Amino acid sequence: IIESFIRQINARNVSSRNKLDQLHREDAALKIQTFYKSFRFQQKLKHKLVVAQRVVRGFLGRRRRDRLIQTIVMLQSRYRGKKTRKSMSKRARAASLRIERANKVAAEKPQMKLGMRTKSALEILLKSKRLAEVMRAVTTLEVSTRLSEK
């Protein structure tokens, strides 16, 4: 009787130890799964950050390159312009100055712009009866046509 009682107690102890071990194992498995999921999430987040960083760096690099190219082209243009102006003859230099002055006047006076001059020349052709005005209008239209082809 005593032996059977001791066996029952031992069986209960073994059973409760097995249940306790099972609980410990489940708890450990849950902790491992949680840690692994957290680790994977951090890995995915790190990968997304690296991709975003690569995209931004690429964009900034391309923008920097484009600005550098624009600067180089502008410097080349200025150098070539200065070189050309330096080597121009007096007659060409004088013509260039006249063109610059005419451009300034045209910029200040809207009636001197090509479109406005063409419009007024066409109005003169339609309404005027004086030959001198008609001839000036024809000359203006000829110049406008020549310049507007470009």
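Residues numbered from 1 in each chain as written. Predicted model: local features only at pLDDT ≥ 70, side-chain atom pairs only at ≥ 80, totals over all residues. Heavy atoms only, no water.

**Observations concerning the overall build of the chain**
Tallying secondary structure elements over the chain gives 4 helices and 0 strands in all. Reading the chain from its N end, one meets helices and strands in the order α-α-α-α. Along the first, second and third principal axes, the C-alpha set of the chain runs to 145 × 45 × 25 Å. Going through the 150 residues of the chain one by one, you find that 5% of them count as buried. Summing over all exposed atoms, the chain offers an accessible surface of approximately 14,300 Å²; the carbon and sulfur share of this is 60%. In the chain, 40 positive and 11 negative side-chain charges are present, and the distance between their average locations comes to 10 Å. (Helix = DSSP H or I, 4+ residues; strand = E, 2+ residues; numbered from the N terminus. Buried < 20%, exposed > 50% of the residue type's maximum accessible area, 1.4 Å probe, protein only. Areas by Shrake-Rupley, 256 points an atom, 1.4 Å probe, with all protein chains shown as cover. Lys, Arg positive; Asp, Glu negative; His and termini not counted. Charge placed at Lys NZ, Arg CZ, Asp CG, Glu CD.)

**A look at the side chain of Ser128**
Its location among the elements puts Ser128 in the loop between helix 3 (114-127) and helix 4 (131-148). Among the polar contacts listed, one links the side chain of Ser128 to the side chain of Glu133, at a separation of 2.6 Å. Apart from the residues lying within four places of it in its own chain, the contact partners of Ser128 are Glu123, Glu133 and Val134. (Polar contact = N/O pair within 3.5 Å; in protein donor to acceptor, adjacent residues only side chain to side chain. Contact = heavy atoms within 4.5 Å.)

**Quick word on the side chain of Thr140**
Mapping Thr140 onto the fold places it in helix 4. Residue classification places Thr140 among the buried residues on the basis of a relative accessible area of 19%. Not counting residues within four places of it along the chain, the set of residues in contact with Thr140 comprises Arg117 and Ala121.

**Looking at the pattern of salt bridges**
For the structure on display, the rule yields 3 salt bridges. Ionic pairing is found between Arg65 and Asp66, a salt bridge with its closest N-O pair at 3.2 Å. Note that Glu133 and Arg130 form a salt bridge whose closest N and O atoms lie 3.4 Å from each other. By relative accessible area, Glu133 is classed as partly exposed at 21%. Note on Arg130: relative accessible area 58%, which makes it exposed. (Salt bridge = Lys/Arg side-chain N within 4 Å of Asp/Glu carboxyl O.)

**Thoughts on helix 4**
In a regular helix each residue adds 1.5 Å, so 18 residues correspond to 26 Å; helix 4 covers 25 Å between its end C-alpha atoms and thus fits that length. Elements in contact with the buried residues of helix 4: helix 3. (Expected span 1.5 Å × (residues − 1).)

**A look at a nonpolar patch on the surface**
Residues Ile1, Ile2, Phe5, Ile6 and Ile9 make up a contiguous nonpolar surface patch of roughly 560 Å² in combined accessible area. Here Phe5 shows up in helix 1 (residues 2-87). (Patch = residues over 30% accessible without salt bridge, like charges linked within 9 Å, V, L, I, M, F, W, Y side chains within 5 Å.)

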